[in-house]
Amino acid sequence: MNDANPPKVADPAGPGAAAVPSSIAANAAPPALPASDLEARHAELSDAFLRAKAEAENTRRRAEEEIAKARKFAVEGFAESLLPVKDSLESAIAIPAATPEQLLEGVHATLRQLSAALERNKVVEINPAPAARFDPHQHQAISVVPAQQEPNTVVAVLQKGYLIADRVLRPALVTVSASS
């Protein structure tokens, strides 16, 4: 073998790349900064860190306060919509010599007010029709009775149920047809 011409090794940087002297490649770290510059940079980064930490703490505290206010006043809109209903009931009691017809008319008007208030607040009735399929997620079977209809269907509604924003507030109490 001839040592005058050593074998060529492929350059990892690719063909045409400039060769890097080994003394520079070995010491690729940036030059050292003076101590005073390092202390100034450290102080700057520490200050930035403390400000960011304080801002995060303030944001967390404000969010907790907002959540507490939302919980405290969550029913404010609902309560406000019920105040006219209360006013109507108080007005009905205040009439000393009301006839039964007047009272009945007032009760119907108050019921309409209450229904409108519930509707505005997304409270929806669960009132299945007779022969509707029994839904255990919205209905509560009080009894199973023999009936001339398909098994597991509603025979009668004993008490209406209610949903609020698609969540069952109270299931409808129903009787259900028995299996044959």
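Note that the structure is a prediction, hence the values are computed from the model and not measured. (Residues numbered from 1 in each chain as written. Predicted model: local features only at pLDDT ≥ 70, side-chain atom pairs only at ≥ 80, totals over all residues. Heavy atoms only, no water.)

**Q** How should the pattern of salt bridges be read in this particular structure?
**A** When the charged atoms of two side chains with opposite charge come close together, those side chains can pair. If you walk through the whole model with that rule in mind, you get eight salt bridges. Note that aspartate 47 and arginine 51 form a salt bridge whose closest N and O atoms lie 3.0 Å from each other. Here arginine 51 and aspartate 47 lie together in helix α2 (residues 35-72), a separation of four residues that amounts to about one turn. Aspartate 47 sits in the partly exposed class, given a relative accessible area of 38%. (Salt bridge = Lys/Arg side-chain N within 4 Å of Asp/Glu carboxyl O. Helix = DSSP H or I, 4+ residues; strand = E, 2+ residues; numbered from the N terminus. Buried < 20%, exposed > 50% of the residue type's maximum accessible area, 1.4 Å probe, protein only.)

**Q** Looking at this structure, how should I read the sheet that holds strand β5 (residues 167-170)?
**A** Where strands meet in a sheet, backbone hydrogen bonds hold them as pairs that are either parallel or antiparallel. Taking strand neighbours across the sheet as the criterion, the three strands line up as β1-β4-β5 in an open arrangement whose pairing is antiparallel. With one partner strand each, in any of the chains shown, β1 (123-126) and β5 form the two edges of the open sheet. The average undirected angle you get between the axes of adjacent strands in this sheet is 35°. Where strand β4 (residues 161-164) meets β5, three bridges bridge the pair, whose relative direction is antiparallel. By the bridge assignment, isoleucine 164 is partnered in β5 with arginine 167. (Pairing = 2+ DSSP bridges. Axes fitted to C-alpha atoms, helices over the stretch in contact; angles between N-to-C directions.)

**Q** Is there a simple way to think about the sheet that holds strand β6 (residues 172-177) in this case?
**A** Ordered in space as β2-β6-β3, the three strands form an open sheet in which the pairing is mixed. Both edges of this open sheet fall to β2 (139-145) and β3 (154-159), since each of them pairs with a single strand only. Here the strands of the sheet are splayed against their neighbours by 30° on average, with no regard to which way each runs. With six bridges connecting them, β2 and β6 associate as parallel partners. Along β6, the bridge assignment pairs valine 145 with serine 177.

**Q** What exactly am I supposed to notice about helix α4 (residues 100-120) here?
**A** Note on helix geometry: an α-helix contains 3.6 residues per turn, so any two residues three or four positions apart are oriented the same way. Compared with the 30 Å implied by 1.5 Å per residue over 21 residues, the 30 Å span of α4 between its first and last C-alpha is a close match. Taken as a whole, α4 has its buried residues at Thr110, Ala117 and Leu118. Down the axis of α4, the sector holding all buried residues measures 95°, keeping them to one side. Exposed and facing more than 90 degrees away from the buried side of α4 are Glu101, Glu105, Arg112, Glu119 and Arg120. (Expected span 1.5 Å × (residues − 1). Arc of directions from axis to C-beta.)

**Q** Can you walk me through the packing of helix α3 (residues 76-94) against α4 in this structure?
**A** A packed helix pair is summarised by two numbers, namely the angle formed by the two axes and the spacing between the axes. Put simply, α3 and α4 touch, their axes get as near as 9 Å, and they point 175° apart. Between α3 and α4, the crossing angle belongs to the class labelled roughly antiparallel. When α3 is examined against α4, the residues Phe78, Ser81, Leu82, Pro84, Val85, Ser88, Leu89 and Ala92 are found in contact with a partner set consisting of Leu103, Thr110, Gln113, Leu114, Ala117, Leu118 and Arg120. Here the residues of the contact of α3 with α4 are counted per class, giving 10 nonpolar, four polar and one charged. (Parallel < 35°, antiparallel > 145°, perpendicular 65-115°, else oblique. Contact = heavy atoms within 4.5 Å. Nonpolar A, V, L, I, M, F, W, Y, C, P; charged D, E, K, R; others polar.)

**Q** Looking at this model, I keep getting lost on the environment of glutamate 150. Mind explaining?
**A** Along the chain, the position of glutamate 150 falls in the loop between β2 and β3. Sequence separation between glutamate 150 and serine 179 is 29 residues; the distance between their C-alpha atoms is 7.8 Å. Leaving out residues up to four positions away in the same chain, glutamate 150 has contacts with Arg133 and Ser177.

**Q** Explanation requested: the side chain of threonine 153 in the structure shown.
**A** The topology assignment puts threonine 153 in the loop between β2 and β3. Here the side chain of threonine 153 touches glutamine 149 through a polar contact of 2.9 Å, side chain to side chain. With near-sequence residues (within four places) excluded, threonine 153 lies in contact with Ala131, Ala132, Arg133, Phe134, Thr175, Val176 and Ser177. (Polar contact = N/O pair within 3.5 Å; in protein donor to acceptor, adjacent residues only side chain to side chain.)

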